[in-house]
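The lines below spell out each chain.
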Amino acid sequence: MSEPHVLRHPGPATAPRIAAVPCRAVKRRVTLRAGRPLLQAMAEVAGEAGAWFDLRDLKLRRLAFVRPAASPDGNHVAWYSATTVLRDAMIDYAGAHLGRREGAAFAHVHGLWIDAQGVAHAGHLLAEQSELAFDQPVDLWLLDGARFESAPDPETGFTLFRPVATQPVEQPNALLAAVRPNVLLEDALADCAARIGSAAPRVRGLGSLVGADLGPGATIDDIASEVVLTGDTGAAAIAVGFDGLPVAGPLTPGRNRVCVTFELLLLG
């Protein structure tokens, strides 16, 4: 993979390059109910609060997703593929930020899933178009004091999650952050860790990178990849590019720049 270059987005670069809000995060084990869209099931357990969901080993009756694709115009650096719909698929691992868009619940979900024939797929899951096969337990981190809310972003031309403060909190133990284009991901993680005063925070996050370098044999040369971090350190990931073939591995330092946005939850 060649050195990830600095992208030129259609709008002017804006500051700050990392927007972050301290908050409190409480881990809970909850049950997502079948018989409704996955987005609705997530909103039912989180209410209006922001949340991060770890989605592991979930059987879906219907799973709809898109992958990154070349932009059809000059208004964006990249775009989305046509929607793929799988029946009777299994989410191996996905991460989800739950926030708000235009006053309603909205989820940003990236991950890896296996279809009924055993083929692996990865990308951006459409929670409003997907449905669990049966009631299933998951872990979530419920946020107090911050959540993601969507707003048009002049720099990239997309509507993106940004962290907003919802109320003051005493003794915050977490940080909700959004990283803007061209920032090296490890620099963003170090910056956020310093803000919460933790040398080794637990990290949850997803977003897009300029290609991806996850070690030998696990690189993507496309201008955009969809990514979810794996593990607790933020040092490894699953990624997929235009060809739809997932790769996984440790993030190579100095090689992974944010493409459009990267959304992080750091737990102190």
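Residues numbered from 1 in each chain as written. Predicted model: local features only at pLDDT ≥ 70, side-chain atom pairs only at ≥ 80, totals over all residues. Heavy atoms only, no water.

## Digging into the packing of aromatic side chains
1) Next: Taken as a whole and judged by the stated rule, the model has six aromatic pairs.
2) Next: The interplanar angle of 80 degrees and the centroid separation of 6.2 Å between the aromatic rings of tyrosine 80 and phenylalanine 158 together place this pair among those described as edge-to-face. Here tyrosine 80 is found in strand E4 (residues 78-80), whereas its partner phenylalanine 158 is found in the loop between strand E10 (146-152) and strand E11 (159-165), with 78 residues between them in sequence.
3) Next: With centroids separated by 5.2 Å and ring planes inclined at 10 degrees, the aromatic side chains of phenylalanine 148 and phenylalanine 161 adopt a geometry described as stacked. Remark: phenylalanine 161 occurs in strand E11 and phenylalanine 148 occurs in strand E10; sequence separation between them is 13 residues. Pair check on accessibility: phenylalanine 148 and phenylalanine 161 agree, each one buried.
4) Next: An aromatic cluster is present here, built from Trp79, Tyr80 and Phe158 joined pairwise through their rings.
5) Next: Stacked on the ring of phenylalanine 106, the Lys or Arg arginine 101 has its end atom at 4.0 Å from the ring centre.
6) Next: In this arrangement the basic side chain of arginine 204 is found over the ring face of tryptophan 141, its NZ or CZ atom lying 4.8 Å from the centre. (Phe/Tyr/Trp six-rings, centres within 6.5 Å; stacked < 30°, edge-to-face > 60°. Helix = DSSP H or I, 4+ residues; strand = E, 2+ residues; numbered from the N terminus. Buried < 20%, exposed > 50% of the residue type's maximum accessible area, 1.4 Å probe, protein only. Lys NZ or Arg CZ within 6 Å of the ring centre and 35° of its normal.)

## Here's the deal with unusual backbone geometry
1) Next: Following alanine 15, the chain continues to proline 16 via a peptide bond in cis, the omega torsion being -5 degrees.
2) Next: Within the element layout of this structure, proline 16 appears in the segment before strand E1 (18-32).
3) Next: We note that aspartate 88 has phi near 55 degrees; this positive angle belongs to a residue other than glycine.
4) Next: Of note, aspartate 88 is situated in strand E5 (residues 84-101).
5) Next: Here glutamine 171, not a glycine, exhibits a phi torsion of approximately 50 degrees, which is positive.
6) Next: Looking at the secondary structure, you find glutamine 171 in the loop between E11 and strand E12 (174-179).

## Quick look at helix H2 (residues 185-195)
1) Next: Among the residues making up H2, those that are buried are Leu185, Ala188, Leu189, Cys192 and Ala193. Seen end-on, H2 carries its buried residues on one side only, within an arc spanning 135 degrees.
2) Next: Looking at the buried positions of H2, the neighbouring elements they touch are E1, E12, strand E13 (202-209), strand E16 (225-230) and strand E19 (258-267).
3) Next: Trailing H2 by a residue or two, glycine 197 shows a phi angle of about 65 degrees, which is positive. (Arc of directions from axis to C-beta. Contact = heavy atoms within 4.5 Å.)

## Notes on the environment of alanine 122
1) Next: Along the chain, the position of alanine 122 falls in strand E7 (residues 120-125).
2) Next: On a C-alpha basis, the gap between alanine 122 and phenylalanine 134 in space is 22 Å, while along the polypeptide they are twelve residues apart.
3) Next: Setting aside residues no more than four positions away along its own chain, alanine 122 makes contact with Phe65, Arg67, Gly111, Leu112, Trp113, Ile238, Val240 and Pro246.

## Let's talk about the environment of proline 16
1) Next: A relative accessible area of 48% means that proline 16 is categorised as partly exposed.
2) Next: Spatially, the C-alpha atom of proline 16 lies 14 Å from that of proline 154, the residues being 138 residues apart in sequence.

## Brief notes about the state of the cysteines
1) Next: Tallied over the entire structure, the rule returns zero disulfides.
2) Next: Looking at the unpaired cysteine 23, the closest cysteine sulfur is the one in cysteine 192, lying at 11 Å.
3) Next: On the basis of relative accessible area, cysteine 192 is assigned to the buried category, the value being 0%. (Disulfide = S-S within 2.5 Å.)

## Here we look at the pattern of salt bridges
1) Next: A complete count under the given rule lists 14 salt bridges for this structure.
2) Next: Between aspartate 232 and arginine 204 there is a salt bridge, and its shortest N-O distance comes to 2.7 Å. Of this pair, aspartate 232 sits in the loop between E16 and strand E17 (236-240) while arginine 204 sits in strand E13, placing them 28 residues apart in sequence.
3) Next: For arginine 204, a relative accessible area of 8% translates into the label buried.
4) Next: Among the ionic contacts, a cluster of salt bridges with common partners joins Arg17, Asp153, Glu155, Arg162 and Arg180. (Salt bridge = Lys/Arg side-chain N within 4 Å of Asp/Glu carboxyl O.)

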